[in-house]
Amino acid sequence: MLLEIVQTVNSYLSDYILVFLLIAVGLLYSIKTRFVQIRYFGQGMRQVFGTLSLNGQKHKTGMSSFQALATAIAAQVGTGNIVGAGGAILTGGPGAIFWMWIIAFFGMATIYAEATLAQVTRVRHADGSIQGGPVYYITTAFRGAFGKFLAGFFAVAIILALGFFGCMVQSNSIGSTFETAFGIPSWVVGIVLVVICAVIFLGGVQRLAAVTEKLVPVMAALFILGGLVVLVLRIRYIPETFAMIFRYAFAPNAIIGGGLGAALKIAISQGAKRGLFSNEAGMGSTPHAHALANVSCPHEQGVVAMIGVFIDTFVVLTLNALVIISTLYTEGGPLAAGYTGEVTTVLSSTNLAQTAFGVVMGESLGAKFVAVCLFFFAFSTILGWNLFGKINVIYLFGKKSPKVCTVIYTVIALVFIFLGTVTSSDLVWGLSDMFNQLMVIPNAIALFALTGIVVRCVGGDKKQ
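Residues numbered from 1 in each chain as written. Predicted model: local features only at pLDDT ≥ 70, side-chain atom pairs only at ≥ 80, totals over all residues. Heavy atoms only, no water.

S.K.: When you look at the overall build of the protein in this model, what are you seeing that I'm missing?
M.R.: Helices and strands together make up the secondary structure of the protein, namely 21 helices and two strands. Taken over the C-alpha trace, the protein has a radius of gyration of 21 Å; the compact-globule value for 464 residues is 23 Å, and the two agree within 12%. Taking the principal axes of the C-alpha coordinates as reference, the protein spans close to 65 × 50 × 50 Å. Intrachain contacts of the protein at a sequence separation of at least 6 include 84% that bridge at least 24 residues. About 17,900 Å² of surface is accessible on the protein, with carbon and sulfur atoms providing 68% of the total. Charge separation in the protein, taken as the distance between the mean sites of 26 positive and 16 negative side-chain charges, equals 16 Å. (Helix = DSSP H or I, 4+ residues; strand = E, 2+ residues; numbered from the N terminus. Rg over C-alpha atoms; globule rule 2.2 N^0.38 Å. Contact = heavy atoms within 4.5 Å. Areas by Shrake-Rupley, 256 points an atom, 1.4 Å probe, with all protein chains shown as cover. Lys, Arg positive; Asp, Glu negative; His and termini not counted. Charge placed at Lys NZ, Arg CZ, Asp CG, Glu CD.)

S.K.: What exactly am I supposed to notice about the environment of I196 here?
M.R.: When you line up the elements, I196 lands in helix α9 (residues 186-201). Exposure remark for I196: the relative accessible area of 35% places this residue in the partly exposed category. Separated by 183 residues in sequence, I196 and F379 have C-alpha atoms that sit 9.9 Å apart. (Buried < 20%, exposed > 50% of the residue type's maximum accessible area, 1.4 Å probe, protein only.)

S.K.: Would you mind showing me how to read the pattern of salt bridges here?
M.R.: Opposite charge on two side chains permits pairing when their charged atoms draw close. Taken as a whole and judged by the stated rule, the model has one salt bridge. Among the ionic pairs, E213 bridges to K214, the shortest N-O distance being 3.6 Å. For E213, a relative accessible area of 2% translates into the label buried. (Salt bridge = Lys/Arg side-chain N within 4 Å of Asp/Glu carboxyl O.)

S.K.: Can you walk me through the packing of aromatic side chains in this structure?
M.R.: Think of a pair of aromatic rings as described by two things: how far the centres are apart, and how the planes are tilted against each other in angle. On inspection of all chains with the given rule, the structure shows 23 aromatic pairs. Grouped by ring-pair contacts, the aromatic residues F98, W99, W101, F246 and F250 constitute a single cluster. Over the ring of Y248 we find R247; its NZ or CZ atom is 4.8 Å from the centre of that ring. (Phe/Tyr/Trp six-rings, centres within 6.5 Å; stacked < 30°, edge-to-face > 60°. Lys NZ or Arg CZ within 6 Å of the ring centre and 35° of its normal.)

S.K.: Is there a simple way to explain helix α4 (residues 65-76) in this structure?
M.R.: Since the α-helix turns once every 3.6 residues, residues separated by three or four places project in the same direction. Its 12 residues give α4 an end-to-end C-alpha distance of 16 Å, which sits within 8% of 16 Å, the value for a rise of 1.5 Å per residue. With respect to burial, α4 is a largely interior element, 12 of its 12 residues being buried. Within the sequence span of α4, burial applies to S65, F66, Q67, A68, L69, A70, T71, A72, I73, A74, A75 and Q76. (Expected span 1.5 Å × (residues − 1).)

S.K.: Can you help me understand the state of the cysteines in this one?
M.R.: Throughout this description, disulfide means a covalent bond between two cysteine sulfur atoms. Scanning the entire structure with this criterion turns up zero disulfides. C297 takes part in no disulfide bond, and the closest cysteine sulfur to it belongs to C457, at a distance of 7.9 Å. There is no disulfide at C405, and the cysteine sulfur nearest it, in C167, is 16 Å away. (Disulfide = S-S within 2.5 Å.)

S.K.: Is there a simple way to think about the side chain of T410 in this case?
M.R.: On the secondary structure map, T410 appears in helix α18 (residues 402-422). Overall, the relative accessible area of 2% leaves T410 in the buried class. When neighbours within four sequence positions are excluded, T410 is seen to be in contact with F201 and L202.

S.K.: What is the right way to look at the packing of helix α8 (residues 145-182) against α18 in this model?
M.R.: Helix packing geometry: the angle between the two helix axes and the distance between the axes. Where α8 meets α18, the closest approach of the two axes is 7 Å, and the angle between their N-to-C directions is 35 degrees. Taken as a pair, α8 and α18 cross one another with a handedness that is right-handed. Between α8 and α18, the contacting residues are G163, F164, F165, C167, M168, S171 and N172 on the first element and Y409, I412, A413, F416, I417, L419, G420 and T421 on the second. For the contact of α8 with α18, the residue count by class is 10 nonpolar, five polar and no charged. (Axes fitted to C-alpha atoms, helices over the stretch in contact; angles between N-to-C directions. Left-handed = near helix turned anticlockwise from the far one by under 90°. Nonpolar A, V, L, I, M, F, W, Y, C, P; charged D, E, K, R; others polar.)

Shown next, in the form of C-alpha cells:
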C-alpha cells in the first residue's frame, strides 16, 4: 500500500511538475544571463583544467575551487550515468539522448545560478568553518516563517533522500555488481565499504576533498578510456549511431512503437528526467560543495560548476550512450529492431551497459569492467551525498554542538550504507526518489526569486 502511494507521488512529480519546473528555471537563467553557459564556457574550462592537480593545496577551511568541483562531480556522476542512460534509451529510444543534451545545456545555466548563490549567501562560523547551500539562499530569498519552513523542508528532504536512502541505494549497486562480477559476498563488500567511508567521513571536509580530487579524475579517466576502446573498435558504426540519436529524437515511434505524438512525449520526458537527475542541475545538491570553494568572487565558482554538468552529461553519460547504441542498436545488435519481443526478458536498464561493453570486451570482462566503474561512481556519490546531508543536519540540529551532531549523523549513515549492501527494497528506492524530487521544489522556488542577485554576479562584478 505504502509503496503504491510513493510510486504514484513519484509519477506525478517526475512527469508533470519537476520536468517543467526545472526546464523553466534553466530557460529563465539562460535568458537572464544572456546564455552564460556559452559566453563563459571557455573561462570555466580554463579554471578547471588550467590548474588541474591531484594533490591540491590544503585549506584550513573550505576547499580549493577544483576540490569543490571534484566533490560536486563525485555526487553527480553516479549509477545514473550507467543505469540511467540505459533506461532512457530502452524506454525512449536512442533519440532520448538528444533531449538529454538539450536539458543539460539549459541545466548549465541553472547550476551556474546555484553555485553563485551558494557563494553569495554562505556563512563563516566563529571557528572559521564555512557552511553554505540552498537552506542559506532560501532564507535569503524569503525572510520570516515562510523561508524557515521552505529551508527546513529542503533540509529534511535532502537528509533522507541523499544522506540515508540515497547512500543505501548506491551501496546496494556496489554490493550486487561485485557479487555478480567477482563472486564476493555483498555483506563482505558492505563491511569494507563502511570502514573506508567511516575514515573519510570522520576526517571532515578537508579529508573528503583530498579523496575526491584524486578519485574523480581517475574514475572518469578509467571509464572514458574503456568507452573509447569500444568506440574505436566499433568506429564504422559511429556515423550510424549519431544518425539514430538525431533521427529518433523527432521520430521515435520508428523504434519504440506507438503513434508519433505518444512516442515523442516518451522520448522527450525520458531524456529530460534522466538528464536532470543525472547532472543534478536545479536539485539543490551540488551547491553545498561549491559554497565551500575558496575563490575571489562567486562568478568564478559559477563557471566552474557549469563544467561539472558538461562532464557529467556531455562526456560520461554520452560516452556510455554511444557505447550502448553502437553495439546493441546497430546492424546485428539485439536491439536493432527496437526494445520488443523476447529481448525485453533478457535486457534491462541494469545490465544494458554490461551487455554493451561485453560485445567488444567479452561477456565476463565487460561485466567486470562495468562493475569496477559502478563501484567508483557509486562510492564517490556516497562521499558527496554524505557531506550534503551533514551540512543540512548541522543546520537543523547542530548549531550548539556540531561535532556531536556530526558523529550521530555519521553513525546512522554508515548503518544505512551497510544495510544497502545486504538488503534490496523497492520501497527504499521509491522513498529515495520521492524525497529527491521533493527537495527540488523549495530550491527551484528560491532560484526563481533570486535571479537579480545572480545576474549582478555574471562576469565577476560582485566580490565576496
